[in-house]
2 protein chains.
Amino acid sequence: MAAVAAATRWQLLLVLSAAGLGVTLAPQPPNILLLLMDDMGWGDLGVYGEPSRETPNLDQMAAEGMLFPNFYAANPLCSPSRAALLTGRLPIRTGFYTSNGHARNAYTPQEVVGGIPDSEHLLPELLRTAGYASKIVGKWHLGHRPQFHPLKHGFDEWFGSPNCHFGPYDNKARPNIPVYRDWEMVGRYYEEFPINLRTGEANLTQIYVQEALDFIKGQQAARRPFFLYWAVDATHAPVYASRPFLGSSQRGRYGDAVREIDAGIGRVLRLLQDLGVAENTFVFFTSDNGAALISAPKQGLDLTTAAPGHLPGEPSPGVVNLNLRPDSGWSFISTTVSVPQNSSSPTSDGPGREPGGQTCPEGGSNGPFLCGKQTTFEGGMREPAIAWWPGRIPAGQVSHQLGSIMDLFTTSLSVAGLEPPSDRAIDGLDLLPAMLQGRLMDRPIFYYRGNTLMAVTLGQYKAHFWTWTNSWEEFRQGVDFCPGQNISGVTTHTQEEHTKLPLIFHLGRDPGERYPLSVASTEYLDALHRITSVVQQHQETLVPGQPQLNVCNQAVMNWAPPGCEKLGKCLEPPESVPEKCSWPH
Amino acid sequence: MAAVAAATRWQLLLVLSAAGLGVTLAPQPPNILLLLMDDMGWGDLGVYGEPSRETPNLDQMAAEGMLFPNFYAANPLCSPSRAALLTGRLPIRTGFYTSNGHARNAYTPQEVVGGIPDSEHLLPELLRTAGYASKIVGKWHLGHRPQFHPLKHGFDEWFGSPNCHFGPYDNKARPNIPVYRDWEMVGRYYEEFPINLRTGEANLTQIYVQEALDFIKGQQAARRPFFLYWAVDATHAPVYASRPFLGSSQRGRYGDAVREIDAGIGRVLRLLQDLGVAENTFVFFTSDNGAALISAPKQGLDLTTAAPGHLPGEPSPGVVNLNLRPDSGWSFISTTVSVPQNSSSPTSDGPGREPGGQTCPEGGSNGPFLCGKQTTFEGGMREPAIAWWPGRIPAGQVSHQLGSIMDLFTTSLSVAGLEPPSDRAIDGLDLLPAMLQGRLMDRPIFYYRGNTLMAVTLGQYKAHFWTWTNSWEEFRQGVDFCPGQNISGVTTHTQEEHTKLPLIFHLGRDPGERYPLSVASTEYLDALHRITSVVQQHQETLVPGQPQLNVCNQAVMNWAPPGCEKLGKCLEPPESVPEKCSWPH
């Protein structure tokens, strides 16, 4: 009997062990993979009508998944939109805005003092409670000071950079941007991580692809559900690609970057399929804001003198002046670029400079939409978007749900079986009903610049309360966010208030925002009535966060990131002089 | 033995009979179905990136066939482009142009005296030699006088109309446009074939679909190879749809028309499949010119006084003045439209008029391309194009072959096993190598207005020798062929000559024609060199045809078309007064 009892106990153990194994092998929470592009436009994918059709992997992803043609960024600029993705909240709530000027776009260059507040709950923090391992690959852009480090906000791993890949700098007036592995920097752009501005060659996308593949394999081997936030930036100026992709596109260097990313995404999705986890992985592809359209000044423009509102602490002579306000539209401008003597990329031309001195387009396409990045027209915030989850999301479908990048927060929680925080306003919707049951949910899209509500879309109607592209001063100097698309009374160069009588467009008949509805029409009055009520409700309950992008200080730049000692790459910061950041548009 | 011999003879007869049956059932020359749209733009199909994605049948056709994103009309206006399709020759060769003014667009309103010359060999004439039965359904537009009748130029059947569906007219100053069945008229638009300008309701697309289905079934039953030229016009202003489709689109009435056509094409392709002849039918879908972009005058404009260059013989009071030069861009303009007292469509608003008096867009989309119909920018001549031939043309492919509507002539002949005429210049290429073997053939695309070569595309480079949209006079009156897309130095309102130093664009990097290459760049000089040589060769060998669109005469209008006696619908023509036609742009 004892033997029998022992056998039973052992058998019980076996059963328990198998059950335990069963728990491990049984459907664990689905993996979550968010593929976030940088400055990629709605019109950049073959499936969205790009004429060269150079995105076979993304087109295939759409054929196997669901396309969202009415999907929006949370802001026409990168940092606020990325903060919104990871918090599910409008930048006005998280503080990712400036109040230094009216309706100004702001982001996180390395002199910005602010970043993501500790009080915000980020997606990886919440997913951790459900056992997820989280990694960010690529651009963080939610603040570069120690307290804003992504591993302090829920991510377990990081390979990438806190700021844009602008440079090269001289490491005196301005340090080069660091590249991190997890807690510590492992080098800097233009140093250990070269980007050749003349040829456009850089291997970064290849590294980012490998990081994704390795992370997925590792988590799969460990049988842990994962959240991978793949935030590549090759399509952000200065645009780059690795050697096999350079010159491979019909669209120039920007197209080379798109092709390399497309190929990388193909490899990642194939790996999911090869590992047999595709049906347990929710994948979403989108971009942080619209394509940066190219400013084409008639003559070469010296930005050193032309740039209004530049920061205190000029780069020293011999440095690329173009990077003074690099993410604010200047970076495409044909200008005289000089390079530090010690730089390894000898060039007297900026990126995208034609041999003859002509500006060469290096931006993407916003398809039929008006203007681009920096603006609250459709070209600034309507994004390509594809959901992919084989076996769950039906293949080859189109959803006309109005979607937002903030929905990726709420939807990812829903995928993981979690509820969004109930102690704060969450702007993101759970899109699973749209994806799985084809439901359409009424919801507004809010378009902000700074703390100014510029426009609202509800259903097919978009109302502009304010219109502005940039100042006459900038425009006369050749900075144009709507090149070849100026519409009188719409793409205005003074800040025009329309709060009493908004400009209203029907985005179905008029996706290019060219023909405002007549204010005397019933259609106008009906749309105005419905939108006004939504705006009132929004504004009555809105509690703006403490603005994070108001204060700048040269001393907070990436002088001595963690890990710099080991590399011997610590730099001496200047004296701390906090100043109001100046945002020109 | 006699019995055996008899049996043998009978058996022989059986064999012969079977062989005869075999001949009948054996692969006969493939059927040819050309689906030609009217004023539909590159960006109007889901597969080309239209945001509302309302063309599931055309998108499916593309998924089962081959997409040509670089496919061109032969002219930015309908008549010349249609003449080019059916002859394989540039309008400058066939005479489908005017020399009354420099670089003027001309077509075939009912006062035009000219039409397709007898000396031209039309596709159905040539296909007849291979045993094809040919039918045209819809708009002919190659001349409406008796000698130009489609059944005199190779077609066996016709249901449709010689001119655009403008109207209603008063049948005094101007007759309503007749609708023909084969040799004789069977009624007139706005009379037996109503179009309600207020609601946009008309059943014409339904009739055209039924005509196509019946013809296909009939030829299949008779086991004759067929050529069907399906030239519907619901997307040409005034845009119309039948009741089930009205209001069904997110894009307004234009979208309703697109949806109805898309559904019709779905029915036609399904019939081919159901009959088992899909694999023996070559189908090609394209459009005659770019989408007509909407002119949006700031205030209501009375075209009666505003129209420059109007024809002699003003419509009498009470007639829709908008139709004075209806196909020339005016028709979208918000204007005061009045209707004859006896009209059955009581309305005081023109098509597309908002309740508040605002212009409502009724045109299509040219996607990322510049301007539209009437212009030689990409929006005027780049067309959606899909080839479909299950089992022959591989599914889901994209060809970057530069294609032309004139290629449909040569390709159709090739499909039928015929050679193009050797006694004249043929501009159309045989695209079968591109379709069946994926070959890419070097060839130029010529962009003409009248007899002026405005631009040439070769590979990725497009050189403009002349730029012009329309006159300042027209533009100031509110006529704009590039609304919201004016580019300084490119979309000019004076005729700008660049023959010595063309504006050159790289259509891959810059599909929107916004950034001319620097004339000092090597890239510019290389492109110029190659294009110049092609243009020289073209111009040295060019023999312009006798211009057909120079002379107008009120007496040649559709007063008494054949068959009018039976219907009691013959009208009295005015005195014959030939005059030079006046083409404003």
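Because the structure is a prediction, the values reported are computed rather than measured.

**Student:** Explain the relation of the copies chain B and chain A here, please?
**Tutor:** Two copies of one chain are present, and they are related through a rotation about an axis combined with an axial shift. It takes a turn of 180° to lay chain B on chain A, together with a shift of 0.0 Å along the axis; the resulting RMSD is 0.0 Å. Both chain copies can therefore be described as sitting about a two-fold axis. Both copies present the same face, since 100% of the interface residues in chain B are matched by interface residues at the equivalent positions in chain A.

**Student:** Quick question: what am I supposed to make of the domain arrangement of chain A here?
**Tutor:** As a measure of interface size, the accessible area lost when the parts come together is often cited. Residues and elements named next belong to chain A. Domain annotation of chain A identifies domain 1 (30–442) and domain 2 (454–541). Across the contact, 31 residues belong to domain 1 and 28 residues belong to domain 2. Where domain 1 abuts domain 2, roughly 2,400 Å² becomes buried across the two surfaces, and 61% of that area is made up of carbon and sulfur atoms. Looking at the side of domain 1 facing domain 2, the largest losses of area belong to Leu370, Thr376 and Phe377, adding up to 23% of the total buried there. Inspection of the domain 1/domain 2 interface yields one salt bridge. Residue composition of the side of domain 1 that touches domain 2, grouped by class: 18 nonpolar, eight polar and five charged.

**Student:** Would you explain the sheet that holds strand S8 (residues 226–231) of chain A in this entry?
**Tutor:** Strand pairing in a sheet relies on backbone hydrogen bonds. The paired strands run either parallel or antiparallel. Residue and element names in this part refer to chain A. Strands sit in the order S7-S6-S5-S4-S8-S1-S9-S11-S2-S12 across an open sheet of ten strands; the sheet is mixed. The sheet is open, and its two borders are formed by strand S7 (184–188) and strand S12 (397–398), each paired with just one other strand. In this sheet, strand S6 (residues 178–181) lies alongside strand S5 (residues 157–161) in antiparallel orientation, the contact comprising two bridges. By the bridge assignment for S6, Phe159 is matched with Arg181. Docked against the sheet, helix H6 (residues 204–222) engages strand S4 (133–139), S5, S6 and S8, running at close to 175° with respect to S8. In the packing of helix H7 (residues 253–274) onto the sheet, the strands contacted are strand S1 (31–37), S8, strand S9 (281–287) and strand S11 (386–388), and the crossing angle to S1 comes to about 175°.

**Student:** I keep staring at the packing of helix H2 (residues 56–64) of chain B against helix H7 (residues 253–274) of chain B and nothing clicks. Help me out?
**Tutor:** Each pair of packed helices gets described by two things: the angle between the helix axes and the distance between those axes. Residues and elements named next belong to chain B. Between H2 and H7, the least distance of the axes is 7 Å, while the angle of their chain directions is 45°. Taken together, the axes of H2 and H7 are oblique relative to one another. Note on element contacts: H7 touches H2 through Asp262, Ala263, Ile265, Gly266, Leu269, Arg270 and Gln273, opposite Pro56, Asn57, Leu58, Met61 and Glu64. For the contact of H2 with H7, the per-class residue count stands at six nonpolar, three polar and three charged.

**Student:** I keep staring at the sheet that holds strand S15 (residues 452–458) of chain A and nothing clicks. Help me out?
**Tutor:** Residues and elements named next belong to chain A. Taken in spatial order, the four strands line up as S14-S15-S16-S19 in an open sheet, and their pairing is antiparallel. Edge positions in the open sheet fall to strand S14 (444–449) and strand S19 (503–506), since each of these has one partner strand only. Strand after strand, the sheet turns through a mean of 20° between neighbouring axes, direction not considered. With six bridges connecting them, S14 and S15 associate as antiparallel partners. Looking at the pairing, Tyr447 lines up with Ala455 of S15. Strands in contact with helix H13 (residues 522–541) are S14, S15, strand S16 (461–464) and S19; relative to S15, the strand with the most contacts, it is inclined by about 125°.

**Student:** Hey, could you run me through the interface of chain B and chain A in this one?
**Tutor:** Each partner contributes residues to the interface: chain B has 48 residues there, and chain A has 48 residues. Regarding the contact of chain B and chain A, the summed buried area is about 3,800 Å², with carbon and sulfur atoms giving 55% of it. In this assembly, chain B and chain A are joined by zero salt bridges. Linking chain B with chain A are eight residue pairs in polar contact (both at pLDDT 80 or more), by the criterion used here.

**Student:** Can you walk me through empty space enclosed by the protein in this structure?
**Tutor:** Empty space among the atoms becomes apparent when a probe as large as a water molecule is rolled across them. A complete count under the given rule lists 16 cavities of 30 Å³ or more for this structure. If you add up the space inside the largest cavity, you get close to 350 Å³. Lining the largest cavity are 29 residues, and of these A:Pro511, A:Gly512, A:Arg514, B:Gly364 and B:Ser365 sit closest to its centre. Here the lining of the largest cavity is built from residues that sort into twelve nonpolar, ten polar and seven charged. If you add up the space inside the second largest cavity, you get close to 250 Å³. In this structure, the second largest cavity is lined by 20 residues; those nearest its centre are A:Leu293, A:Gly364, A:Ser365, B:Pro511 and B:Arg514. Partitioned by chemical class, the residues of the lining of the second largest cavity number seven nonpolar, eight polar and five charged.

Cut-offs and rules
Residues numbered from 1 in each chain as written. Chains lettered and ligands numbered in written order. Predicted model: local features only at pLDDT ≥ 70, side-chain atom pairs only at ≥ 80, totals over all residues. Heavy atoms only, no water. Least-squares fit on C-alpha atoms with pLDDT ≥ 70 in both. Contact = heavy atoms within 4.5 Å. Domains from an automatic or database assignment. Buried area = accessible area lost by both parts, 1.4 Å probe. Salt bridge = Lys/Arg side-chain N within 4 Å of Asp/Glu carboxyl O. Nonpolar A, V, L, I, M, F, W, Y, C, P; charged D, E, K, R; others polar. Pairing = 2+ DSSP bridges. Helix = DSSP H or I, 4+ residues; strand = E, 2+ residues; numbered from the N terminus. Axes fitted to C-alpha atoms, helices over the stretch in contact; angles between N-to-C directions. Parallel < 35°, antiparallel > 145°, perpendicular 65-115°, else oblique. Polar contact = N/O pair within 3.5 Å; in protein donor to acceptor, adjacent residues only side chain to side chain. 1 Å grid on protein atoms, 1.4 Å probe; cavity = no way out; pocket = protein on both sides within 12 Å on 5 of 7 lines; lining within 4 Å. Points joined across faces, edges and corners; volume = space filled by probe spheres on them.

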